[in-house]
Amino acid sequence: MKFKSITIFLVISSFFLTCILSIWKIMSTLQGLNFTNLNITGVFFNGIILSLLFVLIGNRINHLIKVFSLSLLFSFSYFYFNETSPYWYIFGVFLIILFFTNKLKKYNTKSLTEDFISEKIIFDFITLFGIVFFAFVILFPFYIMLVTSFKTQIALLVNPLDFSLDFSKSLTELFKSYFVIFETYNFSRYILISSAVSIGTVIVTLLFAIPAAYAVARLNFFGKNFLSTSILIIYMFPAIVLVIPLYTVFSQLGLRNSIFGLLIVYTATTLPVAIYMLQGYFKSIPKEIEDAGIMDGQNWFGIILKIIIPLSLPAISSVALYVFMIAWNEFLFSLMFLDNPKSFTLSRAIQYLSGDAETPRQYLMAGSVIVTLPVLFIFIYFEKYLVSGLTSGSVKG
Amino acid sequence: MSNTLSKLEKRTAYTLVLPAVLLVFAIVLFPIFANIWISFKDIELKDIRIPEPRAKKIVKSISDDGSELKVIYKLRNSSLIQEIRNVKFQDKFPKNISLLNLDPRCNFKSKKIICDFGNWEAKYKENFEIILKNINGEKIEKEIIKSQKPILSGKSDNPLVTTNFTLENFKKVFYENNFVELLLTTFYFTFFGTVGAIIFGILAAQLVNQNIQGRSYMRGILLFPYVGPVVALAYTWTLLLDPNSGTLNALLVNFNIIESPINLLGQKYITISVLGFDFKLRLALTTVIFFEIWRYFPLAFLFILARLQAIPKSLYEAAEVDGASPVKKFIHITLPQITAIISILFMIRFIWNFNKFEDIFLLTGGASGTRTLPINVYQQGFAVSDIGMGSAVSIVIVMLLLAFMIIYFKLIGKKANEI
C-alpha cells in the first residue's frame, strides 16, 4: 500500500514538474533562446529524485531551509547538465522548483499512508496541472497576438520563434504597426464607426427594451406568456438564416453599406435577450414602491422613468455593457452588409486587411489588439456584473 | 372601475411592448419566412438590384459670350439584364432660358424640361443633348446649370415579388451539393464541438471550484476566449497554426516532435497509424473543432461552476465521514447535481454550434473539408451568387433546428424545467 502510493506520488509530482518546466522552456525559446530539446526524460527523473529526497528528509529540518536547499541543488544540477543558458532562465527554473517543492509540503512518509492518498495525490496534482494548462492554453494566443504586433514580418520569417522585444528601439519604432494602421489603413475611422454603431445599438436597444420588459414583468395583457416564451425561441434562431433575406431587402431599400442599417439589425437581434434580462430584474423590485408612485398620480411613463429606471441601474448598465460587447464583436452582418471601406466597422476592416495576402501580419495583429482591448478591459473591470449576466444567458455565440 | 383600469393597463402594455415586437418581427421573424419565399425562386445576386434610369450631366459652353450652352445627359439603364418601362425625365433651368432644339419626346414649360423616354431595354445608353440660350444674350452661369440634378423615374419588374416559383433550388441542394457530406461535416463539427466544450467546461469548473488562490482571476481569464472578438481570435490562431512561419509548427519542429510542418488548417486528411492500423483523420475539421472548443468551453464552465457552487457542502462532508474517495464523491454527488445543467448546455451549444458561421469562415473559409451548412449558405448566396439556393439551404437549417428543438423538449424539456 505504501509502496503503491509513494510510486504514484513520485510519478505524478515529477510529471507535473516536467510540464511546468517544459512550458517555461517553450516560453524561453520564444524569447530567442536556442533550445532544441525539451529533455523530458531527464527532467522527469530529476523530478523523481527531488520528490523522493523531499519525502525522505521529511520533517528532519525546517521546511523553509529544506525547500531552499533542494531548489538550489536542483537548479545547479539542471544548470550543469543542460545546454548553456542565461542566468534569468536558471533563475526562472529555481523559482519554479521553489514553488513546486513548497506544494509538496503536506506530503511526508506519514501522510502517504492515509486512506485514498493515491486518489488525493492525483486530484491535487491534476488540479495544479489543470490550472497551469488552462492558463497557458488560454493566454498563449493572446500573448502571441500582442507580441506579434510589435515585431516585423521579416524578423518573424527569419526566426518564427523569436518574439523577444527589443526595448532599445525607440517607442515609435516599437509601436510602428500601430502608427501604420492608423495612418495608412485609416483605423481611426473604423474605431469611430464601431464605437458609433455599438453605442447607438446600446441606446436604441435600451429605449425599446426597458418599456417592453416593464410590460412583460408587471402588466397583464393578452399574449404575455406567448411573448415571453417566443423571446427565448427567437433568441435561439441563428443570424445565418436571416442573412439572405435581410441582404436582399436592405439592398433594395438602400440600407446596405449604411451604419443605420447595421444599427437596426444589431438592435433587433439583441432585443430579445435584453428584454429577457431586464424583465427578470424588474420582477424583483417590490411592487409597493410602484403603488406609492401611482398614489402620487404618476402614469406608467412616470413610473418607469422615476421609479423603475433609477432602481434598476445596475441591471440596466450590465445589459448595456453586454449589448455593447455583442455589437462591437459582431462580424457576420458587417461582412454581409458592408462592402464600402468608408463604412467598415473594426472587425470588417481587419477581415478586409487580411484579404490582401501582402498585408504584413503585424498590422493584422495590431488591428486585432485594438479590437480586443476595449472588450477585455470592459470585461475585467465589470467582471462581477457581467458574470451574473452571462449565466442568465445573455451572450450568444 | 377595475374594468377600465385593466383596459388602461392592457392598452399601456401594448404601447410599451409594440415597438420592440414590431422591430424584432421585421428583422428576425420576417426574414425567416421570407427565406421560404426566396428559396422557391430562381434569383441571383445580380437580380436583386432594382434597375434604375441614370443620367450624368455634362455642361459645355458653345458661344464666346457664354450665352449659349450645350448640356449633354448621358442616359443609361443601370441594369445589364432588365428593362425599365416608362422612363420619365425632368430637369429645371434658371429664368430667361430658351431651348434651341427640342426633342419630340420632350416638353419645355415654365423653366422645366419634361421628357417621356418610353422603355429602355437592358444596357440601354443614349447621349441626350439640348442647347440652352439666354433670351437676353447674357452669360449663363455654368455652375448653376451643373448643380441642378435631373430627376428620372421608371418602372421595372422586381424579381423578388413576381410569382414565378420553382423547385429547382431544393433539387440542387439535395442532389448537386454533396448534401450527405455537408450534413455529416456539420454534425461532426457540431457534436464534437459541443461535447468537447462541455467536457473542458466540467474540468475547468472542477478546478476553479476548489479552494485555490486567485480563483476569481482564474475565472476571469477562463472567459477571455468567449468575450474576445472572433475576428481577432481567429486570425491569431491562423497565424499560430500557419505551416510556414506559424509558432506552433516552428516549436514542434524545433523540439523535433514532428519532422516537417503540418498544415493544420489547409489539409483535409491526415493518416495516423495506431497499432498498425491506419486511420484517416479529418485534420482541418479537427483543428476547427479545437478552436470551437477553445472559444466556447468558457460558457459551459461558467454555467457548471454556478451549479457546483450551489451544491451544499454538507453533502461532501457526509461523504467524507462515510469514507468516500474523491472519485466516488464526484460520481455520486457532483455528477447527479450537474446533469440537468449539462443537458441544457448541450442543447444550447448544439444549436449555436450548428449555426456557427464566423469561426469556420475566418479560419478556413470552408475549404479542406470544413464546409458546413451555414458556410454553404454563404457560398451559395454570395460566392456563387445564387440567392435562391442560399435561401433553400437556410430553410434546411431552420427545419433541422426545429427538429432538434422538438426532440429536445420531448426528451429532456421536463427535466430542464425542474431546476
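In an α-helix, one turn spans 3.6 residues; hence positions three or four apart end up facing the same way. With respect to burial, helix 17 (residues 346-355) of chain A is a largely interior element, eight of its 10 residues being buried. Inspection of helix 17 of chain A places Leu346(A), Ser347(A), Arg348(A), Ala349(A), Ile350(A), Gln351(A), Leu353(A) and Ser354(A) among the buried residues, and these make up the whole buried set. The inward-facing, buried residues of helix 17 of chain A contact helix 9 (187-218), helix 16 (332-337) and helix 18 (361-381) of chain A together with helix 7 (230-241) of chain B.

A separate point is the pairing of strand 5 (residues 106-109) of chain B. Consecutive side chains of a regular strand alternate in pointing toward one face of the sheet and then the other. All names here are of chain B. One ladder, built from four bridges, connects strand 5 with strand 6 (residues 112-120); its direction is antiparallel. Note that in strand 6 the partner of phenylalanine 108 across the bridge is isoleucine 113. As consecutive antiparallel partners, strand 5 and strand 6 are separated by two residues, and within that stretch serine 110 has a phi angle of approximately 40 degrees, a positive value.

Here we come to the interface of chain B and chain A. Facing the 75 residues of chain B at the interface are 84 residues of chain A. A class-by-class count of the residues in the side of chain B that touches chain A yields 53 nonpolar, 18 polar and four charged.

With that settled, consider the sheet that holds strand 2 (residues 68-77) of chain B. Residues and elements named next belong to chain B. The strand order 1-2-7-4 describes an open sheet built from four strands, whose pairing is antiparallel. The outermost strands of the open sheet, each flanked by one partner alone, are strand 1 (53-61) and strand 4 (97-99). Taken pair by pair, the neighbouring strands of this sheet meet at an average axis angle of 30 degrees, ignoring direction. Here strand 4 runs beside strand 7 (residues 125-134); their pairing, made up of three bridges, is antiparallel. Its bridge partner being in strand 7, leucine 99 is matched across the sheet by leucine 132.

Before going further, it helps to examine the nonpolar core. Counting residues in each nonpolar core, the largest one holds 176 residues, and the members touching the most others are Ala209(A), Ala212(A), Val243(A), Ile275(A) and Leu278(A). With 16 residues, the top contributor of residues to this core is helix 9 (residues 283-309) of chain B. Contacts of Val243(A), omitting those with residues within four sequence positions, involve Leu332(A), Met336(A) and Val377(B). If you look at the next biggest cluster of nonpolar residues, it comprises 15 residues, including Leu75(B), Ile84(B), Val87(B) and Trp120(B).

For chain B, the assigned domains are domain 1 (51-155) and domain 2 (177-385). Computed from C-alpha atoms alone, the centre-to-centre distance between domain 1 of chain B and domain 2 of chain B is 63 Å.

Quick look at the environment of Ile275(A) now. Mapped onto the fold, Ile275(A) is located in helix 12 (residues 259-283). If near-sequence neighbours (up to four positions away) are discounted, Ile275(A) is found in contact with Ala209(A), Ala212(A), Ala213(A), Val216(A), Ile231(A) and Ala20(B).

Reading the values: the criteria
- Residues numbered from 1 in each chain as written.
- Chains lettered and ligands numbered in written order.
- Predicted model: local features only at pLDDT ≥ 70, side-chain atom pairs only at ≥ 80, totals over all residues.
- Buried ≥ 20, exposed ≤ 12 C-beta atoms within 10 Å, placed from the backbone.
- Helix = DSSP H or I, 4+ residues; strand = E, 2+ residues; numbered from the N terminus.
- Contact = placed C-beta atoms within 7 Å.
- Pairing = 2+ DSSP bridges.
- Nonpolar A, V, L, I, M, F, W, Y, C, P; charged D, E, K, R; others polar.
- Axes fitted to C-alpha atoms, helices over the stretch in contact; angles between N-to-C directions.
- Core = buried A, V, L, I, M, F, W, Y, C linked by C-beta atoms within 7 Å.
- Domains from an automatic or database assignment.

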